[in-house]
Amino acid sequence: MQHDTSGKARSESPLAIEATDLRKSFGATRALDGFSLRVAPGEVHGFLGPNGAGKSTTIRALLGQLKLSSGECRIFGHDCWQESVAVHRRVAYVPGDVALWDGLSGGECIDVLMRLQGGGDRRRRDELIDRFDLDVRKRTRSYSKGNRQKVALIAAFSKDADLYLLDEPTSGLDPLMEEAFQQTVREIKMTGKAILLSSHILSQVEALCDRLTIIRRGQTVASDTLERLRGRTTLQVLATTERSPEAMLRAENVLQLVTEHVDGRTKSTFQVPPAALNDVMPILVSAGLTGLTVAPPSLDEVFLSNYREGVKPEPEPAASAR
């Protein structure tokens, strides 16, 4: 059994990320307001929320770049603020807005970044340069945003880290390079490493992540597997019947019902919670069901549903005396 600096016992197998009740204020602004996050080793964990929700503040806290007002933040059992050097040995980081040294070439910048994070695998570096199709001979002053992002990705992925913190990592990349990024993430996952992926590209999160956490106004809205989150979100249904299913108008849990008469048949589109689908089926069958399509909610719909319902609106702040 391991112990932290306060003498408290910790698990023999600490989580990749264990953040509990994080709070951070900047003046009157609460960037984090009781936020918690758990990421297991070997897991690709999506981190979702709009701008200003607290994602970047959380990542800065994980990197030991800011001191929290309260709460506990650990990476593999190490306190992110008090033991930041030990944390950095096990972490690779990619920011969403990369600033490089204009006078250096892309290859030189990659080498500097690799040294700053404790080294890396030169063979892996060269493989990634080819994969991301980066001309490393050019000065970075001539690079587009996408090419600057490639430099950060190559440097980070060249390190054999235990945890990769990726904050909007593919900002500026074209679809072909997005595919290269996803291939690299899957390779890293197969080695048992953990990845925290903060991204506005929901299709990317849907394709890569085992679990995801949604943050709003510094608070946890939802944290679970995508399958379970989908199970709490309505299904999209398209039904074709010989007659109009009038009873649908009175059915509970049927949302956004729209009917259309086409070629003597009725097409109905609606949303329904997964648990209520069986209650709707007898109505459709009695109306002469001839076609049925049931689609699980997309990650966009899961995100919007959880985001709208997850946190109650904050009261308007009282006017301060001047």
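Quantities reported herein were computed from a predicted structural model and do not represent experimental measurements.

A. Molecular detail of the packing of helix 5 (residues 145-157) against helix 6 (residues 175-190). Taken N-terminus to C-terminus, the directions of helix 5 and helix 6 make an angle of 15°; their axes are 12 Å apart at the nearest point. One way to sum up the angle between helix 5 and helix 6 is to call them roughly parallel. The interaxial crossing formed by helix 5 with helix 6 has left-handed handedness. Contacts between helix 5 and helix 6 involve Lys150, Leu153 and Phe157 from the former and Met177, Phe181, Thr184, Val185 and Ile188 from the latter. Split into classes, the residues belonging to the contact of helix 5 with helix 6 amount to 6 nonpolar, 1 polar and 1 charged.

B. A look at the sheet that holds strand 14 (residues 255-262). Across the sheet, which stays open at both edges, the 4 strands sit in the order 14-15-13-16 with antiparallel pairing between neighbours. In this open sheet, the two strands that pair with only one neighbour each are strand 14 and strand 16 (289-295). Strand after strand, the sheet turns through a mean of 15° between neighbouring axes, direction not considered. Lying on the sheet, helix 9 (residues 277-286) is in contact with strand 13 (235-241), strand 15 (265-272) and strand 16; it crosses strand 16 at an angle near 155°.

C. Focus on the side chain of arginine 125. Mapped onto the fold, arginine 125 is located in helix 4 (residues 122-131). Ignoring sequence-local partners within four residues, the contact set of arginine 125 consists of Gly107, Ile110, Asp111, Met114, Ile154 and Ser158.

D. Local environment of the nonpolar core. Counting residues in hydrophobic clusters, the biggest one holds 45 residues, and the most contacted among them are Phe157 and Phe181. In this structure, phenylalanine 181 is in contact with Phe132, Leu153, Phe157, Leu166, Pro169, Thr170, Leu197, Gln204 and Leu208, ignoring residues within four places of it in sequence.

E. Focus on the environment of valine 98. Looking at the secondary structure, you find valine 98 in the loop between strand 8 (91-94) and helix 3 (106-116). Residue valine 98 is classed as buried on the basis of its relative accessible area, which comes to 9%. For the pair valine 98 and aspartate 160, spaced 62 residues apart in sequence, the C-alpha separation works out to 21 Å. Ignoring anything within four residues of it in the chain, the contact list for valine 98 reads Arg148, Gln149 and Ala152.

F. Focus on the state of the cysteines. A complete count under the given rule lists 0 disulfides for this structure. Cysteine 73 supplies the cysteine sulfur nearest to cysteine 80, a cysteine that is in no disulfide, at a spacing of 3.6 Å. The buried category is assigned to cysteine 80, whose relative accessible area is 1%.

G. Structural detail: the confidence of the model for the protein. Chain-level statistics for the protein give a pLDDT mean of 87 and a share of 91% at 70 or above. Counting contacts from residues 311-322, a segment whose pLDDT is below 50, to residues more than four positions away or on other chains yields 7 contacts.

H. Focus on helix 4. Listing the buried residues of helix 4 in full gives Arg124, Arg125, Leu128 and Ile129. Down the axis of helix 4, the sector holding all buried residues measures 140°, keeping them to one side. Pointing more than 90 degrees away from the buried face of helix 4 are the exposed residues Arg123 and Asp130. Residues of helix 4 that are buried sit in contact with helix 3, helix 5 and helix 6. Capping the start of helix 4 is the job of one residue whose side-chain oxygen sits 2.9 Å from the backbone nitrogen of arginine 123: aspartate 121.

I. Summary view of the sheet that holds strand 11 (residues 211-216). Strand order in this open sheet of 6 strands is 8-9-10-5-11-12, and the pairing throughout is mixed. A single partner strand is all that each edge strand has here, and the edge strands are strand 8 and strand 12 (219-225). Between one strand axis and the next, the sheet turns by 15° as a mean value, whatever way the strands run. Bridging between strand 5 (residues 44-48) and strand 10 (residues 194-198) involves 4 bridges; their strand directions are parallel. Within the sheet, the bridge partner assigned to phenylalanine 47 lies in strand 10 and is serine 198. On the sheet, helix 5 packs against strand 8 and strand 9 (163-167) and is oriented at approximately 170° with respect to strand 8. Of the strands in this sheet, strand 5, strand 9 and strand 10 are in contact with helix 6, which crosses strand 10 at around 150°.

J. Just the packing of aromatic side chains, in detail. Following the criterion strictly, the structure yields 3 aromatic pairs and no others. Centre to centre, the rings of phenylalanine 35 and phenylalanine 47 are 5.6 Å apart; their planes meet at 25°, and the pair counts as stacked. With phenylalanine 35 in strand 4 (residues 29-39) and phenylalanine 47 in strand 5, this pair connects stretches of sequence that are 12 residues apart. A ring pair is formed by phenylalanine 157 and phenylalanine 181, whose centres lie 6.2 Å apart and whose planes are at 35°; its orientation type is tilted. Of this pair, phenylalanine 157 sits in helix 5 while phenylalanine 181 sits in helix 6, and the two are 24 residues apart along the sequence. Accessibility classification places phenylalanine 157 together with phenylalanine 181 in one group, the buried group. Grouped by ring-pair contacts, the aromatic residues Phe157, Tyr164 and Phe181 constitute a single cluster.

About the cut-offs
Residues numbered from 1 in each chain as written. Predicted model: local features only at pLDDT ≥ 70, side-chain atom pairs only at ≥ 80, totals over all residues. Heavy atoms only, no water. Axes fitted to C-alpha atoms, helices over the stretch in contact; angles between N-to-C directions. Helix = DSSP H or I, 4+ residues; strand = E, 2+ residues; numbered from the N terminus. Parallel < 35°, antiparallel > 145°, perpendicular 65-115°, else oblique. Left-handed = near helix turned anticlockwise from the far one by under 90°. Contact = heavy atoms within 4.5 Å. Nonpolar A, V, L, I, M, F, W, Y, C, P; charged D, E, K, R; others polar. Pairing = 2+ DSSP bridges. Core = buried A, V, L, I, M, F, W, Y, C linked by side-chain atoms within 4.5 Å. Buried < 20%, exposed > 50% of the residue type's maximum accessible area, 1.4 Å probe, protein only. Disulfide = S-S within 2.5 Å. pLDDT = per-residue confidence, 0-100. Arc of directions from axis to C-beta. Polar contact = N/O pair within 3.5 Å; in protein donor to acceptor, adjacent residues only side chain to side chain. Phe/Tyr/Trp six-rings, centres within 6.5 Å; stacked < 30°, edge-to-face > 60°.

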